[in-house]
Amino acid sequence: MTARRFGGQYSPGAQTAAPAAGPRATPWSGRRVRSTSVRALGLYVWPTLLLVGALRALVGGDPLIAGGFLGAWAALILGAGLTRAGVVAAREYEARAVAAPPAFPRKLFGAALTGAGVAAAAWLGTASPVNAGLFGALAAALHAVAFWPDPMRSKGLDGLQGEALDAAVTKIETARRLIGEMTAAAGRFGDRGLAERVGRLAAEAEAVVAQLERDPAGIGRARRFLAVYLVGARDAAVKYAAAFEESRDPDVAARYGALVDDLSAQFARHRAALAEGDRTALEVEIDVLRDRLKLEGVQ
Amino acid sequence: MLKGVAYLTLACLIALTSCQAAFAGPAPAVLAATVR
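As the structure is a prediction and not an experimental result, all values here were calculated from the model.

To continue, consider the packing of aromatic side chains. Taken as a whole and judged by the stated rule, the model has three aromatic pairs over all chains. Geometrically, the ring pair formed by F147 of chain A and Y7 of chain B is edge-to-face, given 5.8 Å between the ring centres and 90 degrees between the ring planes. Pair noted here: F147 of chain A is in helix α5 (residues 129–147) and Y7 of chain B is in helix α1 (residues 2–24), and the two residues belong to different chains. Take F147 of chain A: its relative accessible area is 7%, and that puts it in the buried class. Looking at Y7 of chain B, the relative accessible area reads 7%, which means it is buried. One cation-aromatic arrangement involves K239 of chain A over Y240 of chain A; the distance from NZ or CZ to the ring centre is 5.6 Å.

This part covers the pattern of salt bridges. Once their charged atoms are close, side chains differing in charge can pair, the charge on each being opposite to the other. Residue and element names in this part refer to chain A. One pass over the structure, following the stated rule, counts six salt bridges over all chains. Note that R177 and E181 form a salt bridge whose closest N and O atoms lie 3.1 Å from each other. Placement of both R177 and E181 in helix α6 (residues 162–187) is noted, with a separation of four residues, approximately one turn of the helix. Residue R177 is classed as partly exposed on the basis of its relative accessible area of 41%. Among the charged side chains, a network of salt bridges with common partners joins R177, E181, R234 and D235.

Before going further, it helps to examine the packing of helix α2 (residues 49–59) of chain A against α1 of chain B. Between α2 of chain A and α1 of chain B, the shortest axis-to-axis distance is 8 Å and the interhelical angle comes to 10 degrees. What the angle tells us is that α2 of chain A and α1 of chain B run roughly parallel. α2 of chain A and α1 of chain B meet at a crossing whose hand is left-handed. Residue-level contacts link L49, L50, V52, G53 and R56 of chain A of α2 of chain A to A15, S18, C19, A21, A22 and F23 of chain B of α1 of chain B. Looking at the contact of α2 of chain A with α1 of chain B residue by residue, the classes come out as eight nonpolar, two polar and one charged.

Another point: the confidence of the model for chain B. In this model, chain B carries an average pLDDT of 86, and 92% of its residues clear a pLDDT of 70 or more. In the model output, the complex is listed with pTM 0.57 alongside ipTM 0.90.

Looking now at the side chain of S37 of chain A. Residue and element names in this part refer to chain A. Checked against the element boundaries, S37 lands in the segment before α1 (38–45). Polar contacts involving the side chain of S37 include one to the main-chain amide nitrogen of A40, which spans 3.0 Å. Those residues in contact with S37 that lie beyond four places of it in its chain are V87 and R91.

Another aspect to go through is α5 of chain A. Across its 19 residues, α5 of chain A extends 27 Å between first and last C-alpha, which sits within 8% of the 27 Å expected from 1.5 Å per residue. Within the sequence span of α5 of chain A, burial applies to A132, G136, A139, L142, H143, A146 and F147 of chain A. Summarising the axial view, the buried residues of α5 of chain A lie within an arc of 135 degrees, below the 170-degree limit, and thus occupy one face. Residues of α5 of chain A that are exposed and point more than 90 degrees away from the buried face comprise V130 and L134 of chain A. The inward-facing, buried residues of α5 of chain A abut α1, α3 (63–95) and α4 (106–126) of chain A together with α1 of chain B. Of the residues trailing α5 of chain A, W148 of chain A is marked for its positive phi of about 65 degrees.

Turning next to the interface of chain A and chain B. Listed as interface residues are 33 residues of chain A and, on the opposing side, 26 residues of chain B. Regarding the contact of chain A and chain B, the summed buried area is about 2500 Å², with carbon and sulfur atoms giving 77% of it. Run the count over chain A and chain B and you get zero salt bridges. In this assembly, chain A and chain B are joined by three residue pairs in polar contact (both at pLDDT 80 or more). Elements supplying a minimum of two residues to the side of chain A that touches chain B: α1, α2, α3, α4 and α5 of chain A. Among the residues making up the side of chain A that touches chain B, the classes are represented as 24 nonpolar, six polar and three charged.

A general tendency of soluble globular proteins is for nonpolar side chains to be buried together. By size, the foremost hydrophobic cluster in this structure holds 36 residues, and its most contacted members are M182, F189, F225, L230, Y256 and F267 of chain A. Elements supplying a minimum of two residues to this core: α6, α7 (192–214), α9 (223–247) and α10 (250–276) of chain A. Ranked by residues supplied to this core, first place goes to α9 of chain A with 10 residues. With residues near it in sequence (within four places) discarded, M182 of chain A still touches V198, L201, A202, A233, R234, A237 and Y256 of chain A. Of all hydrophobic cores here, the second largest spans 27 residues; its members include L43, A121 and F147 of chain A together with I14 of chain B.

Another point: unusual backbone geometry. Residue and element names in this part refer to chain A. With a phi angle near 60 degrees, A127 is a residue other than glycine that sits in the positive phi range. Mapping A127 onto the fold places it in the loop between α4 and α5. Of note, the phi angle at W148 is positive, near 65 degrees, even though the residue is not glycine. For W148, a relative accessible area of 48% gives the class partly exposed.

Analysis parameters
- Along every chain, residues carry numbers that run from 1 in the direction the sequence is written.
- The order in which chains are written sets their letters, starting at A; the order in which ligands are written sets their numbers, starting at 1.
- Only residues with pLDDT of at least 70 are given local features in this predicted model, and only at 80 or more are side-chain atom pairs given and counted; all residues enter the totals for whole chains, interfaces and linings.
- Note that water and hydrogens are dropped before the side-chain values are worked out from all heavy atoms of the structure.
- Pairs were defined over the aromatic rings of Phe, Tyr and Trp, the Trp ring being its six-membered one, requiring ring centres within 6.5 Å. Orientation was assigned from the angle between planes: stacked under 30 degrees, edge-to-face over 60, tilted for the rest.
- Secondary structure elements are defined from DSSP: runs of H or I of at least 4 residues count as helices, runs of E of at least 2 residues count as strands, and each element is numbered from the N terminus.
- Summary of the burial criterion: residues with accessible area below 20% of their type's maximum are buried, those above 50% are exposed, and those between are partly exposed, where the area comes from a 1.4 Å probe applied to protein chains only.
- By definition here, charges over rings are those cases where NZ of Lys or CZ of Arg is within 6 Å of the ring centre and within 35 degrees of the ring normal.
- Just to be clear on terms, a salt bridge is a Lys or Arg side-chain nitrogen sitting within 4 Å of an Asp or Glu carboxyl oxygen.
- Whenever a helix is involved, its axis is fitted only over the stretch in contact; in every case the axis is a line through C-alpha atoms, and angles between N-to-C directions fall within 0 to 180 degrees.
- We call two directions roughly parallel when the angle between them is under 35 degrees, roughly antiparallel when it is over 145, roughly perpendicular when it lies between 65 and 115, and oblique otherwise.
- Handedness of each helix crossing follows the sense of rotation of the near helix against the far helix: counterclockwise by less than a right angle gives left-handed, clockwise gives right-handed.
- By definition, residues are in contact when any of their heavy atoms lie within 4.5 Å.
- Three classes are used, and their members are as follows: Ala, Val, Leu, Ile, Met, Phe, Trp, Tyr, Cys and Pro are nonpolar, Asp, Glu, Lys and Arg are charged, and the others, Gly among them, are polar.
- In predicted models, pLDDT denotes the confidence assigned by the predictor to each residue on a 0 to 100 scale.
- We call two N or O atoms a polar contact when they sit within 3.5 Å, provided that within protein one can donate a hydrogen and the other can accept it, with sequence-adjacent residues counted only if both atoms are side-chain atoms.
- A helix's residues, less one, multiplied by 1.5 Å, set its expected span.
- By arc we mean the arc of the directions from the helix axis to the C-beta atoms, nothing more.
- Buried surface area refers to the total accessible area, computed with a probe of radius 1.4 Å, that the two partners give up upon joining, counted for both partners together.
- The set of buried Ala, Val, Leu, Ile, Met, Phe, Trp, Tyr and Cys residues whose side-chain atoms join them within 4.5 Å is what this entry labels a nonpolar core.

Here is the structure:
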């Protein structure tokens, strides 16, 4: 990890040019959702007394019962882990206009494991299989209401189904991943001003992706944008960051900065052409960009 | 609201069943008898 130079609008060497028009860059541009739920975290805490029970059983010379306590605790902790992962996956799903459902229904399995853990704890506490079953079923049902089941259907892209929908979702997810990788690589320069310019570029690219989500018919037209612009922008960021880390040459950062400015301007023009459905303008933009990237030795 | 109530009930259920099992559970012999 490299140190990051502090600086801002009034720092020596700051860029004095007016900020570029277009979407505002935020520190979150191009970054993935990573959040956690306090409720899901609480699920790790509530079964702690089962460990005390296991300890007491061990001290009392009953390893089988201790194993039962540990099994109940493990089921609840595993359920908590799945629930937490499911909550994060569901938030990512909600944050997107176009998304495929999570491949594995984590929250539902979390509910089942929580039910099993509570059933085992209830059996250890009451020695009644009926009570254990009732408490287990109640816990699973409460879990399902409290955390809600996982999203099960793809959303967005009206009119697309099956493979076409999967392909569109994959393209959009790949685009977001490329933007994230570009932002991460730019962070390795340790230059705040440059990171902000790349943030603006990421915001421009995000805006194009968001436009594709709203208007899926444009995905065919934007195929080359996704294949040329984003891959090129990511490769350039990675290549220049590696060269900069090796040489610490400010000239490398300056050249990358110039490329970022060019890309930013072209992204904005591409967005306009995409919005107007102007195929010729798009082709010209892409050819210009491809030449520019070739010049940089990226493509 | 409903989700909050369900979560609080679930948290109490887990904590109370754990507490009862740890401190007021039946003797191991009784538990073993229920399995047979």
